[in-house]
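A closer look at the structure
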Amino acid sequence: MNDEHTGAVQQVIQYMKEHLDEPMTTQQLADLAGYSSFHFSRVFKRVTGISVRQYLSALRVESGKTELLKRPSLLVKIGMTIGLSSPGTFNTRFKQFVGHSPKRFRSTSGSLHQYVNQYENKPLSWAEEELNDLPRIHCQIVAPENFRGMIYVGLFPRPVPDQKPISGTAVNLRNRSCILTRIPAGTYYVLAAGIPWSLNPRDYYLLNNSLRGKLDNPVHIDETTDLSVKITLREPLPYDPPIVVNLPLLLFEKDRGNSAK
């Protein structure tokens, strides 16, 4: 990856973070980088995996999560703080990215944190009958030896976790392998995130410091697919998009779904 391009994108991302309450256009950001709008858009997507507008939306939703966890602010006030003055726009984008409404996110953050922490010392138990279904992807996760926490793995339409995955699971304790099943035909990206155990709920929702990993190339799924892949978790990079999807909620929904079978 071109170092000059990476540096320009990082500079623009920092500007975006510092001016979320202001309107921003792609042309304005391209001018800041010293590129034409067309060239900047291509460079930005090559570095981050998503478009400028998608990245800006993710930053604003992530900032909204931060505000919701910080204090019981009015949603209108939070929306204005992050550049979304319409409460309806904030609610719609938040639910699209995170998985449920801002109010629900705020009210359930504590209970979901406690729910996840119950698995610090006991194994996750998923339905064994799923493991024989096709299509499927066997995932081997490589994590640092000293990592202790939950590892989430999912299939996403884009190379960033900015919505509920098409298929997802999690592993804990010393387990470093999993299987993704019930996958509709299509092309997807295999992404993973490692989140250390914590007594602070914020650490499960604001994931700028969490480990990340992805398969370099997308996977193409049909009804006969049976793949084995390896993903190495790494430290986050300055230009990584925010992980805005609510991972504890996804874990709870998967666990509840398996228990009901």
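Residues numbered from 1 in each chain as written. Predicted model: local features only at pLDDT ≥ 70, side-chain atom pairs only at ≥ 80, totals over all residues. Heavy atoms only, no water.

Looking up the protein in an unreviewed UniProt entry gives the name Transcriptional regulator, AraC family protein, with the organism given as Paenibacillus vortex V453.

This paragraph deals with the sheet that holds strand β4 (residues 177-181). Read from one edge to the other, the open sheet built from three strands follows the order β4-β1-β8, with strand pairing classed as mixed. Either end of the sheet is taken by a strand with one partner, and the two such strands are β4 and β8 (226-232). The mean inter-strand angle of the sheet, taken between neighbouring strand axes irrespective of direction, is 25°. By the bridge criterion, seven bridges tie strand β1 (residues 136-142) to β8 in an arrangement that is parallel. (Pairing = 2+ DSSP bridges. Helix = DSSP H or I, 4+ residues; strand = E, 2+ residues; numbered from the N terminus. Axes fitted to C-alpha atoms, helices over the stretch in contact; angles between N-to-C directions.)

The buried fraction of strand β2 (residues 149-156) amounts to eight of the eight residues, a majority that puts the element mostly inside the structure. Here β2 runs beside strand β3 (residues 167-171); their pairing, made up of five bridges, is antiparallel. When the sheet's bridge partners are listed, Val153 is paired in β3 with Thr169. (Buried < 20%, exposed > 50% of the residue type's maximum accessible area, 1.4 Å probe, protein only.)

When helix α2 (residues 26-33) is considered as a whole, its buried residues turn out to be Thr26, Leu29, Ala30 and Ala33. Looking straight down α2, one finds that the buried residues subtend no more than 100° of arc, so they occupy a single side. Contacts from the buried residues of α2 go to α1 (3-18), α3 (37-48) and α4 (52-70). In the stretch just after α2, Gly34 is the one whose phi turns positive, near 85°. (Arc of directions from axis to C-beta. Contact = heavy atoms within 4.5 Å.)

Take the packing of aromatic side chains next. Scanning the model with the defined rule gives six aromatic pairs in all. Arranged with centres 5.7 Å apart and planes meeting at 55°, the rings of Phe40 and Phe44 form a pair that is tilted. Residue Phe40 and its partner Phe44 are both found in helix α3; the two are separated by four residues, about one turn of the helix. Plain terms: the ring middles of Tyr115 and Phe252 are 5.3 Å apart, the flat faces sit at 85° to each other, and that makes the pair edge-to-face. Residue Tyr115 is located in helix α7 (residues 102-117), and its partner Phe252 is located in helix α8 (residues 247-259); the two are separated by 137 residues in the primary sequence. In this structure an aromatic cluster arises from ring pairing among Phe40, Phe44 and Tyr55. (Phe/Tyr/Trp six-rings, centres within 6.5 Å; stacked < 30°, edge-to-face > 60°.)

Our next topic: the pattern of salt bridges. In this structure the tally under the stated criterion is seven salt bridges. Residue Glu62 is joined to Lys65 by a salt bridge in which the shortest nitrogen-to-oxygen separation is 3.2 Å. Of this pair, Glu62 and Lys65 both sit in helix α4, separated by three residues, roughly a single helical turn. Exposure remark for Glu62: the relative accessible area of 6% places this residue in the buried category. Since its relative accessible area comes to 1%, Lys65 is described here as buried. Between Arg158 and Asp162 there is a salt bridge, with its nearest N and O atoms 2.5 Å apart. Under the relative-accessibility criterion, Asp162 is labelled buried at 5%. Several salt bridges converge on common partners, so that one network encompasses Arg212, Arg234 and Asp240. (Salt bridge = Lys/Arg side-chain N within 4 Å of Asp/Glu carboxyl O.)

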